[in-house]
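Read off the chains here:
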Amino acid sequence: MSAEHRAAVLGSPVGHSLSPAIHTAGYVAAGLTGWRYEAHEVTEPGLAGFVAGLGPEWAGLSLTMPLKHVALTVADEVTDTATLLGAANTLLLRGGVRRADNTDAPGLVDALAERGTTSAGHVAVLGAGGTARAALYAASRLGATDVTVYARRPDAVAALRDVTDRLGLVLRHADFADPAAAGAADLVVSTLPAGAGDAFARTVRWRADVTVFDVLYSPWPTGPAAAAPAAGARVLGGLDLLLAQAVRQFEQFTGVPAPADAMRAALRSAAGS
């Protein structure tokens, strides 16, 4: 493919993003010589103008914070997944149509499956922010019947009920002072900021067969990621999610299978791991 094709990650701040390394390595491995991937600092008020100024050579945009909600307002079409979660991390630009999607949620499922977790009856989610919605989506796809959300504010958990109702999940609220439900879960997904789950993780009696997925990748290991392996738990981190969602974006943007191994190697190198 000799014609120019462009894609980029947008956000603020965005200078730390590892997405350019992942996607660029994918282009090289797939032989897409006319493709380039950039990073652009864009704030919420500036997104509509940035998108309006893009030419026909633009194939897609990866969206990070704080653009995942406002992205829905600049799209002509919104996928069911992005609508359900109220957030989009992907904007596909094709034929003059802007299509918003969310690859974080299915990316969680992909990453878990790659590491051998394909089902979960009970899921515990630490935190009730935007990423918790992706964890709820993953729980439903893994066949879970109920989810316990650990959060200090009951109203934050209540705000997730529209998602769990549509997914057919029973939603329960737990306090960080009572770690029993997390210890009994098949899958624990931590969406907490760095350090916020450390003390809690030390009090949980982790099952040997539990899977712990912490969506952070820096600093690493997090409290849950450090505590769970002592019981023999399977642990995944933010780099696993970053790769999985990027693989789906790559295929949407380019229309060709993603060279996941090359993208993984580039990610690990860029992250220094």
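Structural data are supplied above this passage.
Everything numeric here is computed off the predicted structure, so don't read it as measured data.

**Q** Explanation requested: the sheet that holds strand E1 (residues 5-11) in the structure shown.
**A** Hydrogen bonding along the main chain pairs the strands of a sheet, whether they run parallel or antiparallel. Across the sheet, six strands lie side by side as E2-E1-E3-E5-E6-E4; this open sheet has mixed pairing. Across the chains shown, the open sheet's two edge strands, defined by having one partner strand only, are strand E2 (35-41) and strand E4 (77-78). With three bridges connecting them, strand E3 (residues 58-63) and strand E5 (residues 90-94) associate as antiparallel partners. When the sheet's bridge partners are listed, Ser62 is paired in E5 with Thr90. Of the strands in this sheet, E1, E2 and E3 are in contact with helix H1 (residues 19-30), which crosses E2 at around 170°.

**Q** Got a minute to help me understand the packing of helix H4 (residues 104-114) against helix H5 (residues 130-141) in this structure?
**A** Think of two packed helices as two axes; the pair is described by the angle between the axes and how far apart they sit. The N-to-C vectors of H4 and H5 enclose an angle of 50°; their axes lie 8 Å apart at closest approach. Between H4 and H5, the angle is such that the two are oblique. In this structure, the crossing between H4 and H5 has a hand that is right-handed. Between H4 and H5, the contacting residues are Ala105, Pro106, Leu108 and Val109 on the first element and Ala134, Ala135, Tyr137, Ala138 and Arg141 on the second. Here the residues of the contact of H4 with H5 are counted per class, giving eight nonpolar, no polar and one charged.

**Q** Sorry if this is basic, but what is going on with the pairing of E3 here?
**A** Remember that side chains alternate between the two faces of the sheet whenever the strand is regular. Counted residue by residue, E3 has six buried out of six residues, so it is predominantly covered. Examined bridge by bridge, E1 and E3 share five bridges and lie parallel to one another. In the sheet register, Ala8 faces E3, and the bridge partner there is Leu61.

Thresholds, definitions, all that
- Residues numbered from 1 in each chain as written.
- Predicted model: local features only at pLDDT ≥ 70, side-chain atom pairs only at ≥ 80, totals over all residues.
- Heavy atoms only, no water.
- Pairing = 2+ DSSP bridges.
- Helix = DSSP H or I, 4+ residues; strand = E, 2+ residues; numbered from the N terminus.
- Contact = heavy atoms within 4.5 Å.
- Axes fitted to C-alpha atoms, helices over the stretch in contact; angles between N-to-C directions.
- Parallel < 35°, antiparallel > 145°, perpendicular 65-115°, else oblique.
- Left-handed = near helix turned anticlockwise from the far one by under 90°.
- Nonpolar A, V, L, I, M, F, W, Y, C, P; charged D, E, K, R; others polar.
- Buried < 20%, exposed > 50% of the residue type's maximum accessible area, 1.4 Å probe, protein only.

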